[in-house]
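# Breakdown of the fold
Now for the letters of each chain:
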Amino acid sequence: MAEQFREEHRLGVQPLGDLVALIEQSTGHDVAVLDAEPDEHGLTMRDPVRDRVFIGVARTPHPMRQRSTLAHELAHLIFGDHAQDLAERSPAEKRADAFARHLLVPQEGLREFLGVVAKATESTLSDVVQRFLVSPAIAAIAMRDASYISPDTVSEWKDLYTPELATRFGWQDQYRSLQEDSQRLRAPQSLVARANAGYAAGVVSAQTIATLRGVSEEQVVKELYEVGLAPRSPAEADFEVEDLPTVTVDLTGLEDDGEDA
C-alpha cells in the first residue's frame, strides 16, 4: 500500500518533503499541528455529516517522530480504520507503523541511495536518517530489510537517538532547523486560505487569522499587506436601510431643567 500510494501520487522513490502539505494535497483532508500532552502524538477524526477528515499531530522538538506520526495517521486514513477505537498494539496499529516505515523509506530508494556497501556502520545509519528524515529505529529496520545489516545490529542501533547521530556526524545545524519546523503550530491550509479570503473581503479580522495560526496580529497584517491583501471597505450600496443597526440617542442632557442658562 505504501508503494501504491507513492505510485498513485507520482512520488517516485526519493525522500518525502513536507508531509503536512503532502497529505493535504493528496487526500484533500485537513491536517494541523497542535499543542498536545507529552504522550499524545496524533489522531484522526471524521466528520460524518460533511465526510471530512481531520488529522492532528502534536508539535514536538522531535521532528522524526512527528513525520512518522503523520505517515502513521495517513495509513489509518488509507485503510479506513481511523474511526475505530484501536488498542495500542492492535494489528491495525502495527499495520499503520509498517506503512509509515515503507512510505518514508522505500526499499528501492534506499538501495539507490546506499548502493553497494561493504560494511554498514553508524555513519551509514546517520546518512540514512539524514537522507530520509526518519528515526534511527526506522532506518535500521529498513536497512535490515534491504540486507545491509543483521537483526542483531538492528537491536543495537535502535537505542541510538537522532540528536546524537546529528552531532557526531556534523549535521546538527540541519537538525535544529528541523526541530524549529516541528515545533510550529500549523492550521489546515484550506482553512487559512479561506480565512485570508475572508480578511480581504472585510468579514474576517486579522486577529482571527492570528489566533488560527498561532502568531501575532501584527505579523498577519504585515504578511497580507506585503502581498496586496487588505480588508475591503463595503460600499454603501451593499447595505439596505433595514440592515442598518438601531441607534439610540440619549437626549437627557438637553432637557430643560427649569433653570436659566
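Right, let's walk through the structure included here. Keep in mind the model is a prediction, meaning the values are calculated, not measured.

## Brief notes about the packing of aromatic side chains
- Following the criterion strictly, the structure yields three aromatic pairs and no others.
- Look at Phe 79 and Phe 99: their rings are 6.2 Å apart centre to centre, the planes differ by 80°, and that puts the pair in the edge-to-face class. Taken together, the residues Phe 79 in helix 3 (residues 63–79) and Phe 99 in helix 4 (residues 91–104) connect sequence positions 20 residues apart.
- Phe 79 gets classed as partly exposed once you look at its relative accessible area, which sits at 26%.
- Between Phe 113 and Phe 132 the ring centres are 6.1 Å apart and the planes differ by 85°, which places this aromatic pair in the edge-to-face class. Taken together, the residues span a long stretch of sequence, with Phe 113 in helix 5 (residues 107–114) and Phe 132 in helix 6 (residues 122–132) at a distance of 19 residues.
- When the ring centre of Phe 79 is taken as reference, the NZ or CZ atom of Arg 95 above it lies at 4.0 Å.

## What to know about the nonpolar core
- Grouped together as the largest cluster of nonpolar side chains are 50 residues, with contacts concentrated most on Leu 103, Val 105, Leu 110, Leu 125, Met 143, Ile 149 and Trp 157.
- Sequence-distant contacts of Ile 149, defined by excluding residues within four places in its chain, comprise Ala 120, Ala 140, Met 143, Arg 144, Val 154 and Trp 157.
- In terms of nonpolar packing, the next biggest core, distinct from the first, is built from seven residues, Tyr 199, Ala 206, Ile 209 and Ala 210 among them.

Scoring rules and cut-offs
- Residues numbered from 1 in each chain as written.
- Predicted model: local features only at pLDDT ≥ 70, side-chain atom pairs only at ≥ 80, totals over all residues.
- Heavy atoms only, no water.
- Phe/Tyr/Trp six-rings, centres within 6.5 Å; stacked < 30°, edge-to-face > 60°.
- Helix = DSSP H or I, 4+ residues; strand = E, 2+ residues; numbered from the N terminus.
- Buried < 20%, exposed > 50% of the residue type's maximum accessible area, 1.4 Å probe, protein only.
- Lys NZ or Arg CZ within 6 Å of the ring centre and 35° of its normal.
- Core = buried A, V, L, I, M, F, W, Y, C linked by side-chain atoms within 4.5 Å.
- Contact = heavy atoms within 4.5 Å.

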